[in-house]
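Working through the structure, step by step
Residues per chain are reported as follows:
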Amino acid sequence: MAVQPSRGLLTVDAYYRLAESGALRDDAHVELIEGKLVEMPPISPEHANSVDTVADLLRERVGRRARIRVQNPLRLSARTEVQPDVAVVRLPQDRGQLYGEAHPTAADTILVVEIASTSLAFDLGGKALLYARHGVPELWVIDLVGCRVIVHREPTPAGYISVERLERDAAISVLAWPDAQVTIDELLG
């Protein structure tokens, strides 16, 4: 459900000022998408467990080649900052600075993983289009209900060119590192 700002569209900077002023509750689970505050559904135990499982698997397979971020901000534009379930982002040039001064951007992103039980339509629709428009190279949507993973690659402003549905008996590698392979069974837990 979208929560409209009272005047026009918000920027990321205005979004942070809104939070600092106390206008947003500390426990509010919202994302700023194209200038609009969008409420996200509560995180169920199954969803949280899946996020932990995926993050652990990616940390194990990707190793020190990238940073694995869990439900942390990803700034896609001046009006869009989302919190994907898991994001694999490049290490900054200065390895001592791991995004302490600014959140990663789409240009820093290698892979985004969204986990869906109640949000599948949004994750496969508007959210996938948003990531593609901003050039996120790879998106995995883990469908907990359908027991599959939908892999999106080759982003364009109109969406991802390559969309593949993988069932439990399949395996997938992170596009950037073919050796960073996981099975769908592992991802689904």
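Residues numbered from 1 in each chain as written. Predicted model: local features only at pLDDT ≥ 70, side-chain atom pairs only at ≥ 80, totals over all residues. Heavy atoms only, no water.

**As for the sheet that holds strand β11 (residues 159-166)**
The sheet built from six strands is open, its strands ordered β4-β7-β8-β9-β10-β11 with mixed pairing. Strand pairing shows two members of the sheet lacking a second neighbour, β4 (66-70) and β11, which therefore form its edges. Ignoring strand direction, the axes of neighbouring strands in this sheet form an average angle of 15 degrees. Where strand β8 (residues 109-116) meets strand β9 (residues 138-143), five bridges bridge the pair, whose relative direction is parallel. Within β9, the residue paired with E114 across the bridge is V141. Each of β4, β7 (86-90), β8 and β9 is contacted by helix α2 (residues 45-62), which is oriented at about 175 degrees to β4, the strand it contacts most. (Pairing = 2+ DSSP bridges. Helix = DSSP H or I, 4+ residues; strand = E, 2+ residues; numbered from the N terminus. Axes fitted to C-alpha atoms, helices over the stretch in contact; angles between N-to-C directions. Contact = heavy atoms within 4.5 Å.)

**Considerations on the packing of aromatic side chains**
Under the definition given, this model contains one aromatic pair. With 5.5 Å between their ring centres and 65 degrees between their planes, Y15 and Y16 make a pair best called edge-to-face. With relative accessibility at 9%, the residue Y15 sits in the buried group. Under the relative-accessibility criterion, Y16 is labelled partly exposed at 30%. (Phe/Tyr/Trp six-rings, centres within 6.5 Å; stacked < 30°, edge-to-face > 60°. Buried < 20%, exposed > 50% of the residue type's maximum accessible area, 1.4 Å probe, protein only.)

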